[in-house]
Amino acid sequence: MQPTPPTPKKSFTWPIALNLGLLVLAALATGAEPSLLGIMVLVLVVINTVAAIIMSFAGRMHYVVAFVLSALLIGLIGFGVCALMLSNMGGMH
């Protein structure tokens with residue numbers, strides 16, 4: 001009797017990669033305007049949070065973790081970039 005081969009694990013990193021790509025597209029589409037980019041980042045964080053809630057009701061905990069991490073990562077990177085861009089604008093008076 002032959003041993004059964006191990007089943008390959010599914011990758012749950014695609015939401016993170018997809019959201020980082022969407023963040024780059026949002027930065028390009030808004031022309032790196034900090035206020036518009038901040039709104040786009042907030043929209044991406046809300047979408048990921050809603051997706052995590054939907055996946056929790058569906059019982060797919062791996063996807064819940066992926067979407068929560070994605071929301072946190074997008075929030076940290078996106079709002080960090082916005083803050084950096086605003087701090088480099090100099091005196092606006």
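This write-up is about the structure you can find in this document. (Residues numbered from 1 in each chain as written. Predicted model: local features only at pLDDT ≥ 70, side-chain atom pairs only at ≥ 80, totals over all residues. Heavy atoms only, no water.)

**Observations regarding the overall build of the chain**
- Looking only at helices and strands, one finds three helices and zero strands in the chain.
- Looking at the chain alone, contacts between residues at least 24 apart form 67% of all its contacts between residues at least 6 apart.
- Just so you have it, the chain exposes about 6,700 Å², and 75% of that area is on carbon and sulfur atoms. (Helix = DSSP H or I, 4+ residues; strand = E, 2+ residues; numbered from the N terminus. Contact = heavy atoms within 4.5 Å. Areas by Shrake-Rupley, 256 points an atom, 1.4 Å probe, with all protein chains shown as cover.)

**A short note on the packing of aromatic side chains**
- Applying the stated rule across the entire model yields two aromatic pairs.
- Taken together, a centroid distance of 6.0 Å and an interplanar angle of 65 degrees make the contact between W14 and Y63 edge-to-face. In this pair, W14 is assigned in helix 1 (residues 14-30) and Y63 in helix 3 (residues 61-87), connecting sequence segments 49 residues apart.
- A relative accessible area of 42% means that W14 is categorised as partly exposed.
- The buried category is assigned to Y63, whose relative accessible area is 17%.
- Note on W14 and F67: the rings are 6.1 Å apart at their centroids and 90 degrees apart in plane angle, and the pair reads as edge-to-face. Taken together, the residues span a long stretch of sequence, with W14 in helix 1 and F67 in helix 3 at a distance of 53 residues.
- By relative accessible area, which is 11% here, F67 ends up buried.
- An aromatic cluster is built from W14, Y63 and F67, whose rings are joined through pairwise contacts. (Phe/Tyr/Trp six-rings, centres within 6.5 Å; stacked < 30°, edge-to-face > 60°. Buried < 20%, exposed > 50% of the residue type's maximum accessible area, 1.4 Å probe, protein only.)

**Thoughts on a nonpolar patch on the surface**
- Together, W14, L18, L22, V24, L25 and L28 line one region of the surface with nonpolar side chains, adding up to about 600 Å² of accessible area.
- Locating V24 in the fold gives a position in helix 1. (Patch = residues over 30% accessible without salt bridge, like charges linked within 9 Å, V, L, I, M, F, W, Y side chains within 5 Å. Salt bridge = Lys/Arg side-chain N within 4 Å of Asp/Glu carboxyl O.)

**Comments concerning the environment of V45**
- As for its placement among the helices and strands, V45 is situated in helix 2 (residues 34-58).
- C-alpha of V45 to C-alpha of G78: the two residues are 33 residues apart in sequence and 9.7 Å apart in space.
- Not counting the four nearest positions on each side in its chain, V45 is found in contact with A71, I74 and G75.

**A word on the packing of helix 2 against helix 3**
- One can describe the packing of helix 2 onto helix 3 by two numbers: an axis separation of 8 Å at closest approach and a directional angle of 170 degrees. Classed by the angle they form, the pair helix 2 and helix 3 counts as roughly antiparallel.
- Class assignment of the residues belonging to the contact of helix 2 with helix 3 gives a composition of 20 nonpolar, seven polar and no charged. (Axes fitted to C-alpha atoms, helices over the stretch in contact; angles between N-to-C directions. Parallel < 35°, antiparallel > 145°, perpendicular 65-115°, else oblique. Nonpolar A, V, L, I, M, F, W, Y, C, P; charged D, E, K, R; others polar.)

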